[in-house]
Amino acid sequence: MNGFGGMDDLTKDQLALRARARELAAGPVAARAAEVDRTEQYPWDNVALLKDAGLLGMTIPTRHGGQGRSWLDAVLVIEALSAACSVTGRIAVETNMGAISAVMAYGSEEQKKLAADMVLAGDKPAICITEPEAGSDASGMTTRADRRGNRFVLNGRKHWITGGGVSRLHLIFAKVFDEQGNEEGVGGFLAIRDETPGLKITKREPTMGLRGIPEAVIDFEEMELAPSALVIPPRGLRKGFADLMNAYNSQRVGAATVALGIAEGAYRLALDWSEERHQFGRPINEFQGLQWKLADMSIRLAAAQSLVYKAARSGEGGFPDMLMAAQAKIFTSENAIQVVNDALQCFGARGYSRELPLERMARDVRMFTIGGGTAEVLRNVVAGAILGKKLPQTRDGWGTRSKPA
Ligand SMILES: Cc1cc2nc3c(=O)[nH]c(=O)nc-3n(C[C@H](O)[C@H](O)[C@H](O)COP(=O)(O)OP(=O)(O)OC[C@H]3O[C@@H](n4cnc5c(N)ncnc54)[C@H](O)[C@@H]3O)c2cc1C
């Protein structure tokens, strides 16, 4: 049992890993969460804690210095940390999934070593896809990488890049053009901030929640990269983009897990409070109105957790299944918002106070129906998969930018 009635079905090793993460979460991570939010400072001390506890880069294969752990192992850690501090949970996502996993899957030995060493030393890589005019329609990106002699030259702007300004390693997606100006498709490049002239952090977004991690605008101005920086080659129209989306399924499972963890944290607070708080001479959990709220919260959590674990398990030996990752992210992100909102309601006026974590959780959890693919766009993914059809969204069917190979 896990506190809301779901069955975990975990191995001994996984139970021990989760217990370690829970201990860290309930101790030093929880103690700093409010301050991280208030000061909007990246929690480098928590990064050091995760590093010492062996929770950074767990999914990196052992031959590159990691532990070769599964997606589910990472999920258990992220879930536990996020219940106390969602920013720390996100750091665990991005040092185990997303950009790092894309490099470990598609990179050269040299690139894998570079990325693994940086992550294991405490760097949270940034993944740069979204642009001011290309959000849900990532294929509409205009950042370009021109082949010039034995160099790529990148120009363009990305925004809402998580970790911009604190991350050193960047995985940047751009449209690749040959010397004659012909488009080759979308490629992914590695660049290191402060070692790559032309990579400039130009703005930090003032965000509603998750304030301990900067969301930044990054400009690339005549940024030169050697051919060895190309991790995901375009390999013909849409191939690079397909690889990107494949790797991104791990990030989606990770994002769903942070939302799940936040909601679990809020639920546990509400459960305890419902016993402690008395009105009309009885604990408030003796009122059916509250009982049903708590029951609904537990149902949402149990269902969300099942979807997240199932999606994580689907990725063993590769990346999580696209349909399962999308289903998990939609359901979990939407239901986590509801659970946190209900938990806050259980506290009455106290829930609205900044002295309790509920209002922070309500701000933090709101992000997960947006970042990493909106709930609407992911529903298109689910519909396409269950109908067995490509569901192009552009007016002409495929858009003017790149047609499928
Ligand atoms: C906190 C945060 C962190 C982020 N981190 C990163 C990051 O690290 N790297 C990165 O590259 N990006 C990042 N993003 C960007 C994120 O991936 C985009 O915000 C997301 O893809 C949506 O793009 P958009 O904001 O431009 O919305 P738009 O694409 O403009 O969408 C606006 C609305 O229209 C809807 N819509 C659009 N197209 C369709 C359609 N075909 N069918 C139905 N509805 C549709 C959307 O669902 C949404 O409700 C982050 C965003 C946030 C909020």
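In this text, all values refer to a predicted model and were calculated from it rather than measured experimentally.

## Describing the overall build of the protein chain
(1) Moving on: Check the secondary structure of the protein chain and you find 11 helices and 10 strands.
(2) Moving on: A compact globule built from 405 residues would reach a C-alpha radius of gyration of about 22 Å, and the protein chain, at 21 Å, matches this within 12%.
(3) Moving on: Seen along its three principal axes, the alpha-carbon backbone of the protein chain occupies a region of about 80 × 45 × 40 Å.
(4) Moving on: The proportion of buried residues among the 405 residues of the protein chain is 49%.
(5) Moving on: For the protein chain, contacts bridging at least 24 residues in sequence account for 74% of all contacts bridging at least 6.

## Describing the site of the ligand
(1) Moving on: In the vicinity of the ligand, 21 residues are found, and the nearest of them are Ile 129, Gly 135, Ser 136, Thr 374 and Glu 376.
(2) Moving on: Breaking the shell around the ligand down by element, the ones donating at least two residues are β1 (126–128), β3 (151–162) and α11 (375–387).
(3) Moving on: The residue makeup of the shell around the ligand, split by class, is nine nonpolar, 10 polar and two charged.
(4) Moving on: Each of domain 2 (126–234) and domain 3 (241–387) contributes no fewer than three residues to the shell around the ligand.

## What to know about the domain arrangement of the protein chain
(1) Moving on: Segmentation of the protein chain into domains returns domain 1 (12–120), domain 2 (126–234) and domain 3 (241–387).
(2) Moving on: Computed from C-alpha atoms alone, the centre-to-centre distance between domain 1 and domain 3 is 20 Å.
(3) Moving on: Contacts between the two partners involve 24 residues from domain 1 and, on the opposite side, 25 residues from domain 3.
(4) Moving on: When residues of the side of domain 1 that touches domain 3 are traced back to their parent elements, those giving at least two are α1 (12–39), α3 (71–84), α4 (86–94) and α5 (99–106).
(5) Moving on: Of the residues belonging to the side of domain 1 that touches domain 3, the class tally is 15 nonpolar, six polar and three charged.

## Observations concerning the packing of helix α7 (residues 239–276) against helix α9 (residues 322–346)
(1) Moving on: Across the interface, α7 lies against α9 with an axial gap of 8 Å and an inter-helix angle of 25°. Between α7 and α9, the interaxial angle falls into the category roughly parallel. Our pair here, α7 against α9, has a crossing hand that is left-handed.
(2) Moving on: Of the residues that constitute the contact of α7 with α9, the class distribution is 21 nonpolar, four polar and two charged.

## Concerning helix α2 (residues 44–52)
Helical geometry: 3.6 residues make up each α-helical turn, so side chains three or four residues apart lie on a common side.
(1) Moving on: Here α2 has its buried residues at Asn 46, Val 47 and Leu 50. Down the axis, α2 shows its buried residues gathered within 105° of arc, on one side only. Every exposed residue of α2 that faces more than 90 degrees away from the buried side is listed here: Trp 44, Asp 45, Ala 48 and Asp 52.
(2) Moving on: Count one or two residues on from α2 and you reach Gly 54, which has phi positive near 70°.

## A short note on the confidence of the model for the protein chain
(1) Moving on: The predicted model of the protein chain averages 95 in pLDDT, with 96% of residues at 70 or higher.
(2) Moving on: Long-range and interchain partners of residues 400–405, a stretch whose pLDDT sits below 50, account for 14 contacts in this model, where long-range means more than four residues apart.

## Description of the environment of Met 322
(1) Moving on: Within the secondary structure, Met 322 sits in helix α9.
(2) Moving on: Each C-alpha atom of the pair Met 322 and Ser 70 lies 17 Å from the other, and the pair is 252 residues apart in sequence.
(3) Moving on: When near neighbours in sequence (up to four residues on either side) are disregarded, Met 322 contacts Asn 249, Val 381 and Ala 385.

## Concerning the packing of α7 against helix α8 (residues 288–313)
(1) Moving on: Interhelical geometry of α7 versus α8 gives an angle of 155° and a closest axis separation of 10 Å. What the angle tells us is that α7 and α8 run roughly antiparallel. Handedness of the α7/α8 crossing: left-handed. Contacts between α7 and α8 involve Val 253, Ala 256, Thr 257, Leu 260, Ala 263, Glu 264, Tyr 267, Ala 270, Leu 271 and Ser 274 from the first element and Leu 290, Leu 294, Met 297, Leu 301, Ala 304, Gln 305, Val 308, Ala 311 and Ala 312 from the second.
(2) Moving on: Its residues assigned to classes, the contact of α7 with α8 comprises 15 nonpolar, three polar and one charged.

Conventions adopted
Sequence order as written defines residue numbering, which begins from 1 separately in each chain. Since the coordinates come from a predicted model, pLDDT governs what is reported: local features require at least 70, and pairs of side-chain atoms require 80 or more to be given and counted, while whole-chain, interface and lining totals use all residues. Numbering of helices and strands runs from the N terminus; a helix is a DSSP stretch of H or I covering at least four residues, while a strand is a stretch of E covering at least two. When we talk radius of gyration, it's over C-alpha atoms, and the globule rule is simply 2.2 Å times the number of residues to the 0.38. Our exposure labels follow a C-beta count within 10 Å of each residue's own C-beta, placed from the backbone: buried means 20 or more other C-beta atoms, exposed means 12 or fewer, and partly exposed covers the counts in between. In this description, any two residues whose backbone-derived C-beta atoms lie within 7 Å of each other are considered to be in contact. Using the backbone to place each C-beta atom, any residue with that atom within 6 Å of a molecule or strand is considered near it. Throughout this entry, Asp, Glu, Lys and Arg are counted as charged residues, while Ala, Val, Leu, Ile, Met, Phe, Trp, Tyr, Cys and Pro are counted as nonpolar. The remaining residues, Gly among them, count as polar. Here the limits of each domain have been adopted from an automatic or database domain assignment. Lines fitted to the C-alpha atoms define the axes, with helices restricted to the stretch that makes contact. Angles between their N-to-C directions range from 0 to 180 degrees. In what follows, roughly perpendicular refers to angles from 65 to 115 degrees, roughly parallel to angles under 35, roughly antiparallel to angles over 145, and oblique to any angle outside these ranges. In this scheme the handedness of a crossing depends on how the near helix is turned from the far one: anticlockwise by less than a right angle means left-handed, clockwise means right-handed. As used here, the arc belongs to the directions running from the helix axis to the C-beta atoms. Looking at any residue, its pLDDT shows the predictor's confidence there, from 0 to 100.

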